[in-house]
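Structural description and commentary
Listed below, chain by chain, are the residues.
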Number of protein chains: 2
Amino acid sequence: MARWIWKFGEFEIYHNLLLHNRRTQYGWPSPPVWKVCAPESCVRFAREVPGPGGTIRVWAKGDFAVTVWRGYEKTEYGGQHEIALGDGPMRVTVTVSNRESFPCLYVDGDLQTDESWTADDLAGDPAPADSCAWFDAPEKSPEVFPFAYAPVECVRRERLEGGALLDFGRETFARTAFRFSGKGDHVLRFGESREEAMSPEWCVIRRTVRGADRAKFEAQAFRYIFVDDPGAKVTAEYEYLPLSYRGAFRCDEDIVNRVWDTAAYTFHLNSREFFLDGIKRDRWVWSGDAYQSLFVNRYLFLDRELERRTLIALAGKPPFEAHINGIVDYTFYWMIGLYEYYETYGDADLLRRIFPQARRIMDFCRSRADADGFVRGKQRDWVFIDWAPMDRAGALCGEQVLFARALEAYGSICALLGEDSRGAAEQARALQAAVLERFWDDEKGAFVDSYESGKRFVSRHSNILAYLFLPMDDARKTSLYAHAILDDSVPQITTPYFKFYENLVHCEAGSDAGLERSIREYFGGMLRLGATTLYEQFDPNETGPERYAMYGHPFEKSLCHAWSCNPIYLLGRYRAGVRRTGVGYQTFEVAPRLGDLKRFDCTVPLPAGEVRVRMDGERLSVLATAPGGTLVFGGQRLPLQAGQEVSVAVR
Amino acid sequence: MARWIWKFGEFEIYHNLLLHNRRTQYGWPSPPVWKVCAPESCVRFAREVPGPGGTIRVWAKGDFAVTVWRGYEKTEYGGQHEIALGDGPMRVTVTVSNRESFPCLYVDGDLQTDESWTADDLAGDPAPADSCAWFDAPEKSPEVFPFAYAPVECVRRERLEGGALLDFGRETFARTAFRFSGKGDHVLRFGESREEAMSPEWCVIRRTVRGADRAKFEAQAFRYIFVDDPGAKVTAEYEYLPLSYRGAFRCDEDIVNRVWDTAAYTFHLNSREFFLDGIKRDRWVWSGDAYQSLFVNRYLFLDRELERRTLIALAGKPPFEAHINGIVDYTFYWMIGLYEYYETYGDADLLRRIFPQARRIMDFCRSRADADGFVRGKQRDWVFIDWAPMDRAGALCGEQVLFARALEAYGSICALLGEDSRGAAEQARALQAAVLERFWDDEKGAFVDSYESGKRFVSRHSNILAYLFLPMDDARKTSLYAHAILDDSVPQITTPYFKFYENLVHCEAGSDAGLERSIREYFGGMLRLGATTLYEQFDPNETGPERYAMYGHPFEKSLCHAWSCNPIYLLGRYRAGVRRTGVGYQTFEVAPRLGDLKRFDCTVPLPAGEVRVRMDGERLSVLATAPGGTLVFGGQRLPLQAGQEVSVAVR
């Protein structure tokens, strides 16, 4: 079966480039704020053919030239579509040049394009070409991302301020078509909230039409559309990536179910070419956000391809001269996420393909470490961790923890591939020891942000990251949990982004009682105020339009944000208790913790099946459709046979 | 005066990309065979404004967003055209995103774009933006290379084989427009020779028109056009870079004058965005060819910008993973040429701008040297030197000579810029000593190609390169000249490309008597057979259409090839005897050698004027319009005053 092929990475680089150039704000294009790589303009594809070649048909995106080599003897076919290759052995090369999108090739007939072909940029080493099952016919072009479309209906239309306000009932991401009452100039405003759509000054996504009686727009985020022509006919089509909802959750509490469903919808809206941060703004790929999306994806879609595309797009291309998204910690999350991707899917092929870039990325990180092994922000490095007050003087504790974990991940990748890591594992261990030595404060019983400032400031952030990513003894864990997490005098986390990590710590520490409460209160609070997708951030005290404001502007808050979808992960991971223990889920554990739900029924996807965990208040029943599972409950470990339900009494 | 600005290199990268994608052969596109870099898709321009900003007007190629920073406080203006900047001090940044061509920016009003702005790719260091005097108004777009156009007329039209053959009298490079007798399918063939235009099978440049009554084509090389419609109306416009013919030459011999004029025209046709090899095929930028063009340019146009553009385009962008044009020696010529460019124009600014890439290039070369310091072809390296039999076993002598010279040039560049060369000069000296030790053969009295094969093969090539680029004592020079150049048993040079270097050796050795003879016979021979531009190669024994054949195809020889234009250099340099001795021609020498011409009148350009050398058989008169010259003649050294002619008796 022939497929379109391309040089590894170019498909993601191209769609990442399109994606990053689609953002608009207040009617103006809003170009990227970090380097977005462009595809190669010319790629050479090659395939050794041991025997007779037969006849091939060639399609390419771009100009192409076919050359057949027999030793040093070459036969040139230019851009002919149908070619009789003649006797082998031979080497078939097709050079494709494309300045508009990216070079890709489709050959069928007696020889077919697939990953047995190599690709190179006429400078670097040839490497196996990449492909995707979606693009398996000449007319299925990899230039067009294969989104699906479904009509969405306006549920309410009002005449307002000389125009019409359309309400589509819930947040969507849809392409739109307008037919106006007549030729003229028109203003259109796409609002996540009614207030936003009605704000001529602050509506973020808006379009102007000049002297036309109709207009079409590529997909945008909105629930409301205001059009200044009350007679305008408006149609909208939801644009989405068809993904299977493989995870599921139902319990006895409506609000928890609704949060789960809303999280799933929110997450789906943000799961497109790659994992996005939010669909209105920025609609970009942020490594820290994407890392959290990996957690959710594994309990909802378990879509390997989407993770793979995101990791490739974030890695970019050489030269690697700036941190991913400009943020030091985001580069570390990328490396950690790459190794966890391998652990999840057992996909060593991606590690092998991406390794040259992974090495460049780690070389870059290592080159920026100081003589004492710590990373401190160099020029143009954003030492982010979170929007929160931390003592950022000199080396920041949380950053070192992530650096060490990234080094560890890189060392594991190298070991797996048989590549020389130049002592990454040893460097990781030395760095981890140095963190314990320099940042641990015995008197505080926790890590301080900075050992250089003398302020001994304890933040939740550094301690959360240490809890999750730094190997340490249980005494320290218990101590920092008490002194940095449970202690209310330590400033609270204010972003859902970092709240997720804090929740992980609670759950890992066995204190997951707050899980349902936070779902009911924080996320439930959004829904009670009318949210149809989960917000970037929410303060239950803000109940008016001020809840849409962020970054100093009235409507810049994203009302559909991926990092708020983690209830899906937390419920699947800690209530149903499903956890991968072996690479690629060859083994997994089901260790439910019942929390304060009376009943629940949770399905968690596995690569080769699923595991369903039901608790009806009296019995816990677990059914896995793939082998390798162990039920851990009530002090017992029971092997799970594929297809055989195991049922135990709850108390 | 405002100018369009861009990130340094991007203008050249963009036009180089267009150029390399324009080649066609036998009706098919013919994509590049080496890596051709693509422009950045997004560039950030910035300017510090110390005082009040006033009002600016902004034009950009691509989407743009203006942001003004006052400390960490930012004001966003999106893509507004006219902006009141308000009070300073401030930092104005404009991010421009452009996937079609390359990001560039034009600002006028109270703040104007020029090279005081910086540009960066959102990852690397900001560096001074680049600009060009051509693009000094909003409507003068750097996306369009500003060629000039002039109509060229068909001088003869014949009805032939059901169509019309048009002869434009001489080789040209012209865009064409066709108006056919009616709507239909048409075939057009552009021939450098009549035979080529009439060959349906082997005409290299051809076009097919389907179902149209008119057609237009971008500029192509041709003298003849065959169109299959005898009634077709054809118009053509010569496309050229307006360049001043600052050098001139006239003598008493018509054939020498005609060769000079034809060389000038040939060279002009190949002097466009960059120095091309030939205008029909390949129309690409080859570093070895371009290096020779530098010599000719300095005695004809002395166009600094064209040299600068060529050096930038050849350097490409990081990562540097393959030799320039895939050829080891071509990378070395680039480095040598870069330093000679500096010596010629005193332009340290280009050295400074291009240094990061020059360092990458030299790092790449050094990384591929073996433990003994010699370079041997690694995978995908083409050790070219010339199309000629050489003993290429192991390290090739000529290649080491060029490597050492490139290291020396790089060392000089580093010294000039105060950059650490990591011992390049020392490495060059050690390598030169090793070449003398390993390749010099006392018995042969010359360098052997390989010391590893045991064959002791003496080629002209290695000895010519050693003579020109390797420091050695006079005894060795005299010996190798006698044993490798004057000895007819050493295989002859067969390409005009290397013939130029051999001629340089003759001239440097004081044996320039053959200069006029080679002009009369070799180049004159082409003209006598009807050439209107100088061929890539010429064998006086081939007088029929076989003289158009090359590379195994009847018309693949380029009939208009830059490397054949060196008579311009040789006459100016050795007859008129003009030679730069100080950086930027602060000093220069005029040391005429009269050869066997009875009279000549030669003008050689200087950056700030020209020097005219006239010899009428009795007196030699020299007039320089710029200071710094010394006349060296008849054993005397006479200072030249700007504007004062010095005249001496010839014998």
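Described below are features of the structure shown in this document. (Residues numbered from 1 in each chain as written. Chains lettered and ligands numbered in written order. Predicted model: local features only at pLDDT ≥ 70, side-chain atom pairs only at ≥ 80, totals over all residues. Heavy atoms only, no water.)

1. Brief notes about the packing of helix α10 (residues 460–469) of chain A against helix α12 (residues 496–508) of chain A
All names here are of chain A. α12 packs onto α10 with a crossing angle of 50 degrees between their chain directions and a minimal axis gap of 10 Å. Judged by the angle between their axes, α10 and α12 are oblique. Considering how the two elements wind past one another, α10 and α12 form a crossing that is left-handed. Along the contact surface, α10 presents Arg460, His461, Ile464, Leu465, Tyr467 and Leu468, while α12 presents Phe498, Tyr501, Glu502, Leu504, Val505 and Glu508. Of the residues in the contact of α10 with α12, the class split is eight nonpolar, one polar and three charged. (Axes fitted to C-alpha atoms, helices over the stretch in contact; angles between N-to-C directions. Helix = DSSP H or I, 4+ residues; strand = E, 2+ residues; numbered from the N terminus. Parallel < 35°, antiparallel > 145°, perpendicular 65-115°, else oblique. Left-handed = near helix turned anticlockwise from the far one by under 90°. Contact = heavy atoms within 4.5 Å. Nonpolar A, V, L, I, M, F, W, Y, C, P; charged D, E, K, R; others polar.)

2. Description of a nonpolar patch on the surface
Residues and elements named next belong to chain A. Together, Trp382, Trp387 and Tyr551 make up an exposed nonpolar region whose accessible area comes to about 320 Å². The topology assignment puts tyrosine 551 in the loop between α13 (514–528) and α14 (567–575). Residue classification places tyrosine 551 among the partly exposed positions, given a relative accessible area of 36%. (Patch = residues over 30% accessible without salt bridge, like charges linked within 9 Å, V, L, I, M, F, W, Y side chains within 5 Å. Areas by Shrake-Rupley, 256 points an atom, 1.4 Å probe, with all protein chains shown as cover. Salt bridge = Lys/Arg side-chain N within 4 Å of Asp/Glu carboxyl O. Buried < 20%, exposed > 50% of the residue type's maximum accessible area, 1.4 Å probe, protein only.)

3. Quick notes on the packing of aromatic side chains
Evaluation of the coordinates by the stated rule reveals 128 aromatic pairs over all chains. Residues Phe190(A) and Phe217(A) carry aromatic rings whose centres are separated by 6.4 Å and whose planes lie at 75 degrees to one another, so their mutual orientation is edge-to-face. Note that Phe190(A) is positioned in strand β16 (residues 163–191) and Phe217(A) in strand β17 (residues 205–227), a separation of 27 residues in sequence. Side by side, Phe190(A) and Phe217(A) carry an identical accessibility label, which is buried. Taking the centre distance of 5.9 Å and the plane angle of 85 degrees together, the rings of Tyr330(B) and Phe384(B) count as edge-to-face. Pair noted here: Tyr330(B) is in helix α6 (residues 328–345) and Phe384(B) is in the loop between α7 (348–367) and α8 (397–417), with a separation of 54 residues, a long-range link. Neither Tyr330(B) nor Phe384(B) differs from the other in exposure class; each is buried. In this structure, Arg175(B) packs its charged tip against the face of Tyr149(B), placed 3.4 Å from the ring centre. (Phe/Tyr/Trp six-rings, centres within 6.5 Å; stacked < 30°, edge-to-face > 60°. Lys NZ or Arg CZ within 6 Å of the ring centre and 35° of its normal.)

4. Structural notes on the pattern of salt bridges
Throughout the structure, instances matching the rule amount to 120 salt bridges over all chains. Residues Arg281(A) and Glu536(A) are paired through a salt bridge, measuring 3.1 Å at the closest nitrogen-oxygen approach. Within this pair, whereas Arg281(A) is found in the loop between α3 (254–269) and α4 (287–300), its partner Glu536(A) is found in the loop between α13 and α14, the two being separated by 255 residues in sequence. Residue classification places Arg281(A) among the buried residues on the basis of a relative accessible area of 4%. Note on Glu536(A): relative accessible area 1%, which makes it buried. The residue Arg156(B) makes a salt bridge to Glu158(B) at a minimum N-O spacing of 3.5 Å. One continuous salt-bridge network, built from bridges that share partners, spans Glu10(A), Glu40(A), Asp121(A), Lys317(A) and Lys35(B).

5. Brief notes about helix α4 (residues 287–300) of chain B
Residues and elements named next belong to chain B. Between its first and last C-alpha atoms α4 spans 20 Å; for 14 residues at 1.5 Å apiece the expected length is 20 Å, and the two agree. When the local axis directions of α4 are compared, the greatest deviation, roughly 25 degrees, occurs at leucine 294. Taken across its 14 residues, α4 has 14 buried, putting it largely inside the fold. After α4 finishes, the residue leucine 302 shows a positive phi value of roughly 45 degrees. (Expected span 1.5 Å × (residues − 1). Bend = angle between axes of the 7 residues up to and from the residue.)

6. Thoughts on the interface of chain B and chain A
With 40 residues of chain B at the interface, the matching set in chain A holds 40 residues. The three residues of chain B that bury the most area against chain A are Trp28(B), Lys35(B) and Arg99(B), which together make up 18% of that side's buried surface. Scanning the region where chain B abuts chain A turns up eight salt bridges. Here Asp125(A) and Arg380(B) are joined by a salt bridge, their closest N and O atoms 2.7 Å apart. Across the contact surface, chain B and chain A share 14 residue pairs in polar contact (both at pLDDT 80 or more). Mapped by element, the contributors of at least two residues to the side of chain B that touches chain A are α1 (10–20), β3 (28–29), β6 (63–70), β7 (73–78) and β9 (90–97) of chain B. Considered class by class, the residues forming the side of chain B that touches chain A number 22 nonpolar, eight polar and ten charged. (Buried area = accessible area lost by both parts, 1.4 Å probe. Polar contact = N/O pair within 3.5 Å; in protein donor to acceptor, adjacent residues only side chain to side chain.)

The analysis is restricted to geometry; functional conclusions fall outside its scope.
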